[in-house]
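Overview (structure and organization)
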Amino acid sequence: SASLDPIRNAGGLVAINQDRSTAAVVNAIGDIEIWDLNASQRKASWSGHADTITGVAWLGDTDRLVSADATGRICIWNATDGHQISETETDAIVRSIAVSPNGSYIASLDHEGKLALHEFDRASSELHPQDKLPKELTKVNDAVLVSQPSATLVIADDTKGIVIWSIADNKIVRQLDHGAKVNALAVNADQSLVFSGAADASTKVWNLASGELVRQIGGSLTGGLRLAYAQRSAQRQSGAVERL
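About the thresholds
Residues numbered from 1 in each chain as written. Predicted model: local features only at pLDDT ≥ 70, side-chain atom pairs only at ≥ 80, totals over all residues. Heavy atoms only, no water. Helix = DSSP H or I, 4+ residues; strand = E, 2+ residues; numbered from the N terminus. Buried < 20%, exposed > 50% of the residue type's maximum accessible area, 1.4 Å probe, protein only. Contact = heavy atoms within 4.5 Å. Areas by Shrake-Rupley, 256 points an atom, 1.4 Å probe, with all protein chains shown as cover. Pairing = 2+ DSSP bridges. Axes fitted to C-alpha atoms, helices over the stretch in contact; angles between N-to-C directions. Core = buried A, V, L, I, M, F, W, Y, C linked by side-chain atoms within 4.5 Å. Polar contact = N/O pair within 3.5 Å; in protein donor to acceptor, adjacent residues only side chain to side chain. Salt bridge = Lys/Arg side-chain N within 4 Å of Asp/Glu carboxyl O.

A count of helical and extended segments in the chain gives two helices and 20 strands. Across the 244 residues in the chain, those meeting the buried criterion constitute 44%. Restricting to contacts in the chain with at least 6 residues of sequence separation, those with at least 24 account for 33%. Counting only carbon and sulfur atoms, one obtains 48% of the accessible surface of the chain, whose full area is about 12700 Å².

Given below as structure tokens:
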């Protein structure tokens, strides 16, 4: 069975490939490490970012890895030996990245909640910026990409809620109302379900094709109050540390 020790010992971000055999780990000093999870053995390691790495993901089922940092650099690597294949400079402080399951698209989110979409050209291994996003977005909190049955971007926006955006058709397919501000999104392995996590501590599961609510997990007034209390406590402790 696969060992989880490399993940437990990670100093930063972790990305596991599609067959769950290999993990890309950002260690405590900011280097990228590639681990064979079955053998619990490190296969490669390299230093590719001078600034903080803010996103790391596998490009589909390939041995290509994409990473981004706070300066706005998005790099694509050969994960076998750490060779840099391409580099793209953006004019934003990248906060996180998302990659479509087939590796065709990369979405980057900056610290102001602005979303950018890039298409990966397999022939040249270059990223091409795409002007295929809803213009009505105000502040994006998270986004995930879907490949099947067609290229789709699922976006959590402060004012628009959950937006299902067809990249192929360049339009909004539908909007979903979680009932609270959504901070996190995820898609299941077969890309049929979308999970949305909100600020009130609730999680909802949606059918991506129909937009129907499949299930709600947790979420209550008590849970929301506990979350708010925890956030205030963290802010107070942070303030105390700064004063010290």
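Turning our eyes to something else, we now look at the sheet that holds strand 20 (residues 213-217). The sheet built from four strands is open, its strands ordered 17-18-19-20 with antiparallel pairing. The open sheet is flanked by strand 17 (182-187) and strand 20, the only strands paired with a single partner. In this sheet, adjacent strand axes meet at a mean angle of 20° when their direction is disregarded. Alignment of strand 17 against strand 18 (residues 193-198), held across five bridges, turns out to be antiparallel. By the bridge assignment, Ala184 is partnered in strand 18 with Gly197.

Relative to the elements of secondary structure, Ser124 occurs in the loop between strand 11 (115-121) and strand 12 (126-130). Of the residues examined, Ser124 reaches a relative accessible area of 35% and is grouped as partly exposed. For the pair Ser124 and Ser86, spaced 38 residues apart in sequence, the C-alpha separation works out to 8.8 Å.

Looking now at the nonpolar core. In this structure, Ala107, Leu115, Leu117, Leu145, Leu153, Ile155 and Ile167 are the most contacted members of the largest nonpolar core, which totals 16 residues. Excluding anything up to four places from it in sequence, Ile155 contacts Leu115, Pro134, Leu137, Val140, Asp142, Ala143, Gly161, Ile162, Val163, Trp165 and Leu185.

Our focus in this paragraph is the side chain of Thr90. Here Thr90 is to be found in the loop between strand 8 (83-89) and strand 9 (94-99). A distance of 2.7 Å separates a polar side-chain atom of Thr90 from the backbone oxygen of Gly72.

Counting through the fold element by element, Ser86 comes out in strand 8. A distance of 2.7 Å separates a polar atom in the side chain of Ser86 from the backbone oxygen of Ser125. Setting aside residues up to four positions removed in sequence, Ser86 forms contacts with Ile74, Cys75, Ile76, Ser125 and Glu126.

Moving on, we get to the pairing of strand 2 (residues 22-26). Along any regular strand the residues' side chains alternate between the sheet's two faces. Of all five residues in strand 2, five are buried; the element is thus mostly enclosed. Covered by surrounding structure in strand 2 are Thr22, Ala24 and Val26 together with Ala23 and Val25, the residues of both alternating faces. Two elements, strand 1 (residues 14-16) and strand 2, share three bridges in a ladder whose sense is antiparallel. The residue bridging Val14 from the neighbouring strand is Val25, located in strand 2. Counting the residues that bridge the hairpin from strand 1 to strand 2 gives five residues, and of these Arg20 lies at a positive phi of roughly 60°.

Strand order in the open sheet formed by four strands is 9-10-11-12, and the pairing between neighbours is antiparallel. Edge strands, defined here as strands with exactly one partner in the open sheet, are strand 9 and strand 12. Between one strand axis and the next, the sheet turns through 30° on average, direction left out of account. In terms of strand pairing, strand 11 meets strand 12 through five bridges, oriented antiparallel. Within strand 12, the residue paired with His118 across the bridge is Pro129.

Attention now goes to the pattern of salt bridges. Here the structure, examined in full by the defined rule, presents seven salt bridges. Asp131 is the salt-bridge partner of Lys135, the closest N and O atoms lying 2.8 Å from each other. Across this residue pair, the class does not change: Lys135 and Asp131 are exposed. Because the salt bridges share partners, they merge into one network encompassing Asp69, Arg73, Glu87 and Glu89.

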